[in-house]
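Working through the structure, step by step
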Amino acid sequence: MAETKRDVPRVIPEHFNPPVASEVVEVDGHPYLQTNEGMFTFYKRTKGEFSAYFLGLRDEAKIYGIKCPQCGTVRVPPFALMCPDCDFAQMESVEMPDRGVMNSTPPITYFAHSLFQSWVPFGRGRVVLDGADTALPIHVYTTQGVLTPFIFEKGTPVKVVFRDERQGKPTDIFAVPMAELAPEQQAKSPLLESDLDFSEPPEPVLGEATDEDRAAFARAVEMLKELSAGVDASPRARHNLAGWRRLIEVKTAAGGLVLKIDDGSLEVAEGRRTEPADFVMLCAEPQLLVDWMTFKEALTNAIITGRLWISINREFTTIFKLDRLPRSVHRDMQARG
Amino acid sequence: MRRVGIVGAGITPCKSHWMERTYYGLSQMAVKACLEDAATSVKDVDAVVYGIYNDIFELAAIPEHPLHGIIGMTNKPGMRVTNGGATGAYAMLAAYTFIASGLYDTVLALGVERATDCFDFESMTETPEVIKTIGWSADTFFERELGWTASDSYAEVVLAYMDDHPGDLKPEVSARIAEILCQQAKNNAFAQRRDEVVTAEMAMSSRYVVYPFKLLEMCVYSEGAGAVLFASEDKAKAIARNAGLPVVWVTGLGASNEHHVAGPDYKTHKYMGRIWSDHIASHKAYEMAGVKDPLEEIQVVELHDAFIKQLQITMGEMGFVPIGKTDALIEEEIMTPGGKLLVNPSGGLTFGGHFVGGSNMFSCWSARRELIQRQLERGLVHGTGSTVAQYGVAMVLERSE
Ligand SMILES: [Zn+2]
């Protein structure tokens, strides 16, 4: 019998399921009927010949590849049983090391669709494990704050890390730069996610402030206070921050401030925090904050280009919310006239 | 093999969303336009090949079956082709072979696609759901669950190319190409972004969607349909005479699908820093057409520009500029206005439109139009698709009076 308890994770999360509804949309004076629909099929899908690989990840925290006895090619993951280059010679399972190098610079996803939003930002890279001929598709992360396009490149040495809770999926493992690990972490196999510390990464160094920086900082503080008042008066902006609570320490070359998001409100205070912040936002040039509030630059884009650093990767989601505020406030102000 | 020519082509306007038409209606529009262009009747068409990429977009398995009767093909053969982004090009390849083999004399290639019926009820926008739908195209055992998307997949190829050629694909070059394509779309009444103005400066400063792709340097999602009518030599000459238009002959055709798994050697796996599918497909087509130096012998290219940096690499793979020096497209004024080569005069998929199953018909429609209107001798149509630019198709066209 199907599980009916509400707190069990669902194949399709319940909130994805829209209500049965239809509506009439008018285009050039003609009415057109549209209805809410879905295309869904449920499966009990076998992993078949790949089962040993996924069970190896889940139960043994080991990575298995497959080797052709004729040409010697080692394929990881073991995506084929027989070697197509040797008239379909039967291949043999081989255990692989948990280290290797990046096949090429990986793309990084910052804006994911609904199924992958909880992962962002994530890198979808390919690692050539030592002794392998093909590259293993794998998530890549950094332990040192937010993931940017400039951390991994072709040939970067990496270590495969196993999640503590594993389900027999490609996401049971991810790779981090070997250079970020202590020697004992580098040597440990399997290295577990809980063996890593993501909480207090080293902060990038802020340079000396220029006069322009100081002026920009003063302007940014002023504008943030206006933004804070604007959020209070903007239903859209309050909605952007609804149900969200974060204390953010903002650091720039010309000074710091604290942003407090509290379920629909944004408070600004100059100086340093008194209670522990959830994460640090660091931008050498305070001008970035001005650019953000004057629609010249998105904070999310500033992370991608390296102009803005945050200490906790998953807090990109908070930055995404902040990004929406100036426009929301502006739109509601326009609506009010 | 028998000689095969193109004698008609028609497309619908490209729109981000067609509220007024289903894919049935769009298909009828494109077929009607194509047959009017050829001044012939559907009664004289022997067979049809459908290009429809993704069942989920159409909310239908066997999405072509309800089209067959309504485009007037009852009791005639019809076959659907689906090959990712290269669906349309492969459908035209199939139409070509139907005739070259001697099996049929006149064959219609009809490409059609929906996209933005897909809707994300969380953000109350279409785009995330369109991306999610395409996401089912990735390897479902090892890659889909990692959050594979079409754009990150092409970004992967471009980033790997940049690993090998750090001096190429300069931001200002891609931005300038965006500006040129935008200007060229003004000459295409069916282009989705015909009224948009994108300057190189705007493209340069547009935000990243996935590094190194910027918002104004990538293709759009469209809905629409395109049809191309192919005919055997005698038939083609008769139809063309009647329509008062020259036949555009298909003199070269090549296709290649790479491995989907990355490895060091393109002969056995995917070498990530190249698009060998485009290289092999185009060179096979050149060999068949007797083209020795594409830059000297081809005047118009309609290539599948999913992303502008990929356009550059594809132009390198197809031999118009050296691999590693594709910035020459702009720096040596090869594709700038008045340059040696007309590249994507339709505005391409970036500014013209990209209804996946029929995008390559859209490109073919444009290349043929340019050959006829500008009295050019030779053109090239290209399609790319699947994960990591795995699929490539190239078709050489030649006009004769
Ligand atoms: Zn072998």
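Structure's up top.
Presented here is a report on the structure given in the accompanying data block. (Residues numbered from 1 in each chain as written. Chains lettered and ligands numbered in written order. Predicted model: local features only at pLDDT ≥ 70, side-chain atom pairs only at ≥ 80, totals over all residues. Heavy atoms only, no water.)

**What about the packing of aromatic side chains?**
Under the defined criterion, the tally for this structure stands at 23 aromatic pairs over all chains. Aromatic pair Phe 40 of chain A and Phe 42 of chain A: ring centres 5.9 Å apart, planes at 50 degrees, arrangement tilted. Grouping residues by exposure puts Phe 40 of chain A and Phe 42 of chain A together as exposed. Ring pairing ties together the aromatic residues Phe 50, Tyr 53 and Phe 54 of chain A together with Phe 141 and Phe 142 of chain B, which thus form one cluster. Positioned above the aromatic ring of Phe 54 of chain A is the side chain of Lys 47 of chain A, whose terminal nitrogen or guanidinium carbon lies 5.4 Å from the ring centre. (Phe/Tyr/Trp six-rings, centres within 6.5 Å; stacked < 30°, edge-to-face > 60°. Buried < 20%, exposed > 50% of the residue type's maximum accessible area, 1.4 Å probe, protein only. Lys NZ or Arg CZ within 6 Å of the ring centre and 35° of its normal.)

**Concerning the sheet that holds strand β7 (residues 92-96) of chain A**
One open sheet accounts for three strands, arranged β4-β3-β7 (chain A); its pairing is antiparallel. What marks the edges here is a single partner per strand, and that holds for β4 (74-75) and β7 of chain A. (Pairing = 2+ DSSP bridges. Helix = DSSP H or I, 4+ residues; strand = E, 2+ residues; numbered from the N terminus.)

**Digging into the coordination of the zinc ion**
All names here are of chain A. For the zinc ion, the protein coordination sphere consists of Cys 68 (SG), Cys 71 (SG), Cys 83 (SG) and Cys 86 (SG), at 2.3 Å. Coordination at the zinc ion is tetrahedral: its four donor atoms span angles of 104 to 113 degrees at the metal. All donors of the zinc ion come from a single chain, and their spacing in sequence reads C-x2-C-x11-C-x2-C. Note that Cys 68 is positioned in the loop between β3 (63-67) and β4 and Cys 83 in strand β5 (residues 82-83), a separation of 15 residues in sequence. Of the residues examined, Cys 68 reaches a relative accessible area of 1% and is grouped as buried. Residue classification places Cys 83 among the buried residues on the basis of a relative accessible area of 0%. (Donors = N, O, S within 2.8 Å, 3.2 Å for Na, K, Ca; no water. Tetrahedral: all angles 85-135°; square planar, octahedral: opposite > 155°, others 65-115°.)

**Topic: the nonpolar core**
Core analysis: the biggest nonpolar cluster contains 85 residues, and Ile 63, Leu 129, Leu 227, Leu 266, Met 281 and Leu 322 of chain A have the highest contact counts within it. The biggest single contributor to this core is helix α3 (residues 211-232) of chain A, with seven residues. Residues from two domains meet in this core; each of domain 1 (22-195) and domain 2 (211-336) of chain A gives at least three. If sequence neighbours within four positions are ignored, Leu 322 of chain A has contacts with Ile 248, Ile 261, Leu 266, Met 281, Trp 292 and Leu 299 of chain A. Ile 6, Ala 9, Ala 47 and Met 395 of chain B belong to the second-largest nonpolar core, a separate cluster that totals 66 residues. (Core = buried A, V, L, I, M, F, W, Y, C linked by side-chain atoms within 4.5 Å. Domains from an automatic or database assignment. Contact = heavy atoms within 4.5 Å.)

**A short note on the pairing of strand β18 (residues 279-282) of chain A**
Residue and element names in this part refer to chain A. Residues Phe 279 and Met 281 of β18 are buried on one face, and the alternating residues Val 280 and Leu 282, pointing to the opposite face, are buried as well. Relative to β18, strand β15 (residues 245-252) is paired through four bridges, and the arrangement is parallel. Note on β18: the bridge partner recorded for Val 250 is Met 281. Sheet topology note: the β18/strand β19 (residues 309-310) ladder contains two bridges and is antiparallel. Its bridge partner lying in β19, Leu 282 is registered against Trp 309.

**So, the sheet that holds strand β12 (residues 391-400) of chain B**
Residues and elements named next belong to chain B. Pairing in this open sheet of 10 strands is mixed, and the strands run β3-β2-β4-β7-β1-β8-β12-β11-β9-β10 from one edge to the other. For this open sheet the edge positions go to β3 (78-81) and β10 (342-343), each flanked by a neighbour on one side alone. When strand β8 (residues 247-257) meets β12, the two strands line up antiparallel, connected through 10 bridges. Bridge pairing in β12 places Leu 253 opposite Met 395. Across the face of the sheet, helix α9 (residues 233-243) comes into contact with β1 (4-11), β4 (106-113), β7 (224-232) and β8 while running at roughly 115 degrees to β7. (Axes fitted to C-alpha atoms, helices over the stretch in contact; angles between N-to-C directions.)

**Some thoughts on the interface of chain A and chain B**
With 51 residues of chain A at the interface, the matching set in chain B holds 48 residues. A buried area of about 4,400 Å², summed over both sides, lies between chain A and chain B, and 64% of it is on carbon and sulfur atoms. For the pair chain A and chain B, the interface holds seven salt bridges. Measuring nitrogen to oxygen at the nearest pair gives 2.3 Å for the salt bridge that ties Glu 156 of chain B to Arg 126 of chain A. Every element with two or more residues in the side of chain A that touches chain B is listed here: β1 (22-27), β2 (30-35), α1 (51-60), β9 (108-109), β10 (122-129), β11 (136-140) and α6 (299-305) of chain A. By residue class, the composition of the side of chain A that touches chain B is 25 nonpolar, 16 polar and 10 charged. (Buried area = accessible area lost by both parts, 1.4 Å probe. Salt bridge = Lys/Arg side-chain N within 4 Å of Asp/Glu carboxyl O. Nonpolar A, V, L, I, M, F, W, Y, C, P; charged D, E, K, R; others polar.)

**Observations concerning the side chain of Ser 104 of chain A**
For Ser 104 of chain A, the position within the fold is in the loop between β8 (99-102) and β9. Given a relative accessible area of 4%, Ser 104 of chain A falls into the buried group. The contact partners of Ser 104 of chain A, leaving out residues within four places of it in the chain, are Glu 153 and Lys 154 of chain A together with Ala 160, Asp 163 and Met 272 of chain B.

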